[in-house]
Amino acid sequence: MLGASRTCRRFFASSSQYWANKMKIAIIGQSLFGAETYSLLRSSGHQVVGVFTIPDVGGKADPLATRAEKDDVPVFKFPRWRVKGQPIPEVVEKYASVGAELNVLPFCSQFIPMNVIDHPKHGSIIYHPSILPRHRGASAINWTLMSGDKRGGFTIFWADDGLDTGPILLQRECDVKPNDTVDDIYNRFLYPEGIKAMGEAVQLIADGKAPRITQPEEGATYEGIMRKKNAEIKFDQTAREIHNFIRGNDKVPGAWAQIDGKKITFYGSSLHRSKLPTGTEVKVEGMERPAIVHKNGLILFGSDGKKVNVKNLQYEDGQMRPASKYGLENVTETIELTKEEIVMEKSVRESWQGILNREISDETDFFKSGAGSMDVVRLVEEVRQKTSVAMKNEDVYMATTFFEFVQKMVRILRGLEEKEKLEVDYAVAEANGMRLTMPHQLFINNQFLDSSDGVEYDSINPADESVICKVSKATVEDVDEAVEAAKEAFYEGPWATMNPRDRGRLMYKIADLMEEKQEELAAIESLDSGAVYTLALKTHVGMSIQTFRYFAGWCDKIHGSTIPINQAHPNRNLTFTKKEPIGVCAIVIPWNYPLMMLAWKMASCLAAGNTMVLKPAQVTPLTALKFAELVVEAGFPPGVINILPGAGSNIGQRMADHPDIRKLGFTGSTPIGKQIMKSAALSNLKKVSLELGGKSPLIIFSDCDLDKAVRFGMSSVFFNKGENCIAAGRLFVEDSIHDEFVRRIIEEIKKMKIGNPLDASTDHGPQNHKAHLLKLVEYCQVGVKEGANLMYGGKQCDRPGLFMEPSVLTDVTDHMFVAKEESFGPVMVVSRFKDGDIDGVLKSANGTEYGLASGVFTNDISKALYVSDRLDAGTVFVNTYNKTDVAAPFGGFKQSGFGKDLGEDALNEYLKTKAVTIEYSTP
């Protein structure tokens, strides 16, 4: 606390000085960036004594000049400052007359003489869109992308007589995303943060605290300005290098190549990690194999055989069109506007007039009239505010005249614009008379992608140990990419501002789609996990649908409360709480209920407003990936849901370590849960909820309904092949009914049909994977060695596939391994207890470090309540078992973990509570 109070004293001490020191400033430059810097400096109390900018272009004044003229600040519009390298005396004289103490040059494109640079008391500072000295020169931001840098940013430096070589005042860095263009990084970071930093730099100078850090020579580069003639693509490079070159030149000057003898410029590049799409081949000069025009763009090939997809093409006449339409007639039917759309057109015309500062006709071209990239951002935002039509920046580039723009806007409004189609490379299988189509790649940002290293693994059908298909195996890099997509969706995408009721509508939609596809989902689940088809249909899929519908209804009902607090007379206070989403969440699910565990955690996470990265179990990824296909069909925005199959030791660990993940929900083993807690604490103290191992006791008293106890005793152990987190890990049967109970259990086991899980008459399917089957056989052997009596089973079935005989161990005592550790399989562990020894059996039942579930069978209500009060478990079943419901909270005690799935309690696992206090006075 001492350190914290020192920090506060420093803040307040410097704060008063911050506002005390002001300067006279000359601003030399142009653009909206310059205008915003001008406004910030004036609002901070500095005196702008003169603005030096460029002459009007096409009758349109530069934004900096327009802003300054409104404030009656002297404005000088010089076409140049020097001739043949020599300063123009009258220009220098006019500059000197304003008496500036500092020159600020935000994005200045003119050559300024050194006698002007050095004239003020504090010299001159310049903004540069690069982390100097990494990239010097006018195209520095382009070279950041073309070089494939993962970090970008800007520098504010002291001007000298070199080219971007003066001492550094301050720098700011940002991540460069894999598909960023110049516009992306400029609009997201360089522009808004650059303006703030210019204000900070000026104040540091005013306060006498501005550093002068000499630029190192090591790592310094100088790249010339990119011009169209130098922007031809060389195809003797890797796909990544080609992609970087295209995005580094997007939108200016534009990377180009010859296609069918025509000079075509490429925009909207991304690495293509899906399978090769079908389409029309076209010859690209310099590329060994033909490009492919397909439904979502144009595929180019690098020298390494990898692919680049380009979305838009610009032709020599200046028209930009979708790459998917190359070679087709670009004829779009003209739309007659309705009365309401004519009103919208008038409103949009006003926006064009305000931006371009001229009269607008249908033929007015936005860019030929002098508009730049920030004007595009402004236009798109104004259209959204005035018409509620969500256009994209690229729509402006695709429809540059006013008439084309309005037509494009109306087509979007009416839903006539062709949407990008989801590319899916299906693995196909036949089952139960159905043709199953199964995605098998990573799902990131609403796209199916190969893993970053291209590695795949086999997904095995446990019924016959055949390979169902190859599945992409995610890497640490893929986790980072998915987290970035989820982060963008949470903070910047439409999910961040979506009305909760609309969020619920999407969740209802995905539940409806799951219901439409329930037979296919159940068949895939059965193939991949070994679940009996009828159980998969009713429980694995059926409860998943119920879960999404239940939590969809919660979306618009999450709220805080008002709290009465002590009032400090005569003032009054209003204190209230807000429930807010946590942010990017990670979800790691097990292999026993692949789809249902996804639903249990994902639905509450989405209802709370979070975005996520989900890792299905490596051995059961296929229903999660089929679900991902429905995510896009339902209309979820990109980045909200990302699904990464692969190894937990690799990508699961990265999720636990990732600094941008704020919550991790995990279902799995207790040892792994402990490791996750440790990693979560060391990384960023992320919130954690854990549903871990169990050894759930089931106590059966002699006064029970024995028929019912046998029926539920069977399901408590053998439900879903025993691969059930709340399976009764140990049955305690009162002595007087013990032998009869065991006899009847074995009779029932003998009636069970073991076989093909897709057969509707099958009772018992294969274990999920071979390692688990071998562990179950060993488990039974250990029990026998310790003195337990193997009454039935204990070995693998004599048939193809991973089938374990339903097994029964009796005479199990508290000290045995099988009494303490769960099998997670079809092994019934039975202990007898003395008649009437309620407290004794409770001691044994609670004598475990686990506390997930428990049960009691008795017709004595007092006994049932007494026992349920004393069972130390998150769930107690009385005269029933396995009866979970989406509205009832589910979770364990002790080393079975903490936190809840299902019910209202589950929402709180994915929410944070903020308290707000407002002071008001008595009127």
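These remarks concern the structure in this document. What you see is a predicted model, and the numbers here were worked out from it, not measured in a lab.

Details of the sheet that holds strand β30 (residues 696-700)
The seven strands are arranged β32-β33-β34-β31-β30-β36-β37 in an open sheet whose pairing can be described as mixed. Sheet topology places β32 (789-792) and β37 (875-878) at the edges, where each strand pairs with a single neighbour. Ignoring strand direction, the axes of neighbouring strands in this sheet form an average angle of 20 degrees. In the sheet, β30 pairs with strand β31 (residues 728-734) via five bridges, with the strands oriented parallel. Residue I699 lies in a different strand from β31, and its bridge partner there is F732. Across the sheet, helix α22 (residues 706-718) touches β30, β31, β33 (807-810), β34 (827-833) and β36 (853-857), and the angle it forms with β34 is around 135 degrees.

A short note on the packing of helix α16 (residues 518-529) against helix α19 (residues 622-634)
As a packed pair, α16 and α19 sit with axes 8 Å apart at the nearest point and diverge in direction by 155 degrees. By the angle class used here, α16 and α19 are roughly antiparallel. On α19, the residues touching E520, L521, I524, E525 and D528 of α16 are L622, T623 and K626. The residue inventory of the contact of α16 with α19, partitioned by class, reads three nonpolar, one polar and four charged.

A look at the packing of aromatic side chains
Centre-to-centre distance and the angle between the planes together describe a pair of aromatic rings. Enumeration over the complete set of coordinates arrives at 32 aromatic pairs. Geometrically, the ring pair formed by Y315 and Y326 is stacked, given 6.3 Å between the ring centres and 5 degrees between the ring planes. On the criterion of sequence distance, the pair formed by Y315 in the loop between β15 (307-314) and β16 (320-322) and Y326 in the loop between β16 and α9 (339-356) is long-range, its members being 11 residues apart. Here Y315 falls in the buried class, since its relative accessible area comes to 14%. With a centroid separation of 5.8 Å and 35 degrees between ring planes, the pair formed by W495 and F636 is classed as tilted. Here W495, found in helix α14 (residues 494-497), pairs with F636, found in the loop between α19 and β27 (641-643); they are 141 residues apart in sequence, far enough to count as distant. Like F636, W495 is buried. The ring centre of W158 lies 3.7 Å from the NZ or CZ of R212, which sits over that ring.

Concerning the sheet that holds strand β3 (residues 75-77)
Spatial ordering of the open sheet is given by β3-β2-β1-β6-β7-β8-β9, a layout of seven strands whose pairing is mixed. Both outer strands of the open sheet, β3 and β9 (168-175), are each paired with one neighbouring strand and no more. Direction aside, the axes of adjacent strands within the sheet are offset by 15 degrees on average. Here five bridges tie strand β1 (residues 24-28) to strand β2 (residues 47-53), and the two strands are oriented parallel to one another. If you follow K24 over to β2, its bridge partner there is Q47. Seen against the sheet, helix α3 (residues 63-70) touches β1, β2 and β3 and runs at an angle of roughly 150 degrees to β3.

Describing helix α15 (residues 500-516)
In an α-helix, one turn spans 3.6 residues; hence positions three or four apart end up facing the same way. Helix length check: α15, at 17 residues, gives a terminal C-alpha distance of 25 Å against a target of 24 Å (1.5 Å per residue), a fit within 8%. Within α15, burial applies to R503, G504, L506, M507, I510, A511, L513 and M514. Turning to α15, the residues buried within the fold contact α14, α16, α17 (533-552), α18 (594-607) and α19. Two or three places before R501, at the opening of α15, N499 has a side-chain oxygen 2.7 Å from that residue's backbone nitrogen.

Describing helix α10 (residues 373-387)
Here α10 is 15 residues long and its end C-alpha atoms lie 21 Å apart, about the 21 Å a rise of 1.5 Å per residue gives. Those residues of α10 that fall on the buried side of the exposure criterion are M374, D375, V376, L379, V380, E382, V383 and T387. Tucked into the core, α10 has its buried residues touching α2 (31-43), α7 (182-206), α9, α11 (393-398) and α12 (402-413). Where α10 ends, the next residue or the one after it, S388, has phi of about 65 degrees, a positive value.

Quick look at the environment of G553
Relative to the elements of secondary structure, G553 occurs in the loop between α17 and β23 (562-563). Sequence separation between G553 and R503 is 50 residues, and the spatial gap between their C-alpha atoms is 9.8 Å.

Topic: the pairing of strand β25 (residues 584-588)
Of all the five residues making up β25, five are buried; the element is thus mostly covered by neighbouring parts of the structure. The sheet contact formed by β25 and strand β26 (residues 611-615) spans five bridges and is parallel. Within β26, the residue paired with V584 across the bridge is T611. Tracing the backbone out of β25, into α18 and back to the parallel element β26 gives a crossover that is right-handed.

A word on unusual backbone geometry
Cis geometry marks the peptide bond from L132 to P133; its omega dihedral reads 5 degrees. One can find P133 in the loop between β7 (124-128) and α6 (140-146). Omega for the bond connecting D250 with K251 falls within 30 degrees of zero, at 10 degrees, which places this linkage in the cis form. Mapped onto the elements, K251 comes out in the loop between α8 (239-248) and β10 (255-259). One non-glycine residue, S388, lies in positive phi territory at about 65 degrees. Here S388 is to be found in the loop between α10 and α11.

Description of the nonpolar core
F548 and F636 are the most contacted members of the largest nonpolar core, which has 108 residues in total. Tallying contributions element by element places α18 first for this core, with 11 residues. Non-local contacts of F548, meaning those with residues more than four positions away in its chain, are made with M507, I510, A511, M514, L598, A599, M602, A603, L606 and F627. Listed in part, the 38 residues of the second largest apolar core include Y38, V48, A68 and I195.

Remarks on the state of the cysteines
Tallying each qualifying case throughout the model produces zero disulfides. In this structure C585 is not part of a disulfide, and its nearest cysteine sulfur, from C605, lies 3.9 Å away.

Thoughts on the environment of V293
Of note, V293 is situated in strand β13 (residues 291-294). Looking at V293, the relative accessible area reads 9%, which means it is buried. Residues V293 and G279 lie 14 residues apart in sequence; the distance between their C-alpha atoms is 5.3 Å. Excluding anything up to four places from it in sequence, V293 contacts T278, G279, T280, V282, L298, A323, S324 and Y326.

Remarks on the pattern of salt bridges
Counted according to the given criterion, the structure contains 49 salt bridges. One salt bridge connects R273 with D478, and the closest N-O pair in it is separated by 2.9 Å. Of this pair, R273 sits in the loop between β11 (262-272) and β12 (280-282) while D478 sits in helix α13 (residues 476-491); the two residues are 205 residues apart in sequence, bridging distant segments of the chain. Each member of the pair, R273 as well as D478, carries the same accessibility label: buried. With a closest N to O distance of 3.4 Å, K275 and D450 form a salt bridge. Of the two residues, K275 sits in the loop between β11 and β12 while D450 sits in the loop between β20 (447-449) and β21 (456-461), which places them 175 residues apart along the sequence. A network of salt bridges, in which partner residues are shared, links D56, E69 and K77.

The rules behind each value
Residues numbered from 1 in each chain as written. Predicted model: local features only at pLDDT ≥ 70, side-chain atom pairs only at ≥ 80, totals over all residues. Heavy atoms only, no water. Pairing = 2+ DSSP bridges. Helix = DSSP H or I, 4+ residues; strand = E, 2+ residues; numbered from the N terminus. Axes fitted to C-alpha atoms, helices over the stretch in contact; angles between N-to-C directions. Contact = heavy atoms within 4.5 Å. Parallel < 35°, antiparallel > 145°, perpendicular 65-115°, else oblique. Nonpolar A, V, L, I, M, F, W, Y, C, P; charged D, E, K, R; others polar. Phe/Tyr/Trp six-rings, centres within 6.5 Å; stacked < 30°, edge-to-face > 60°. Buried < 20%, exposed > 50% of the residue type's maximum accessible area, 1.4 Å probe, protein only. Lys NZ or Arg CZ within 6 Å of the ring centre and 35° of its normal. Expected span 1.5 Å × (residues − 1). Polar contact = N/O pair within 3.5 Å; in protein donor to acceptor, adjacent residues only side chain to side chain. Right-handed = clockwise from strand over helix to strand, strands pointing away. Core = buried A, V, L, I, M, F, W, Y, C linked by side-chain atoms within 4.5 Å. Disulfide = S-S within 2.5 Å. Salt bridge = Lys/Arg side-chain N within 4 Å of Asp/Glu carboxyl O.

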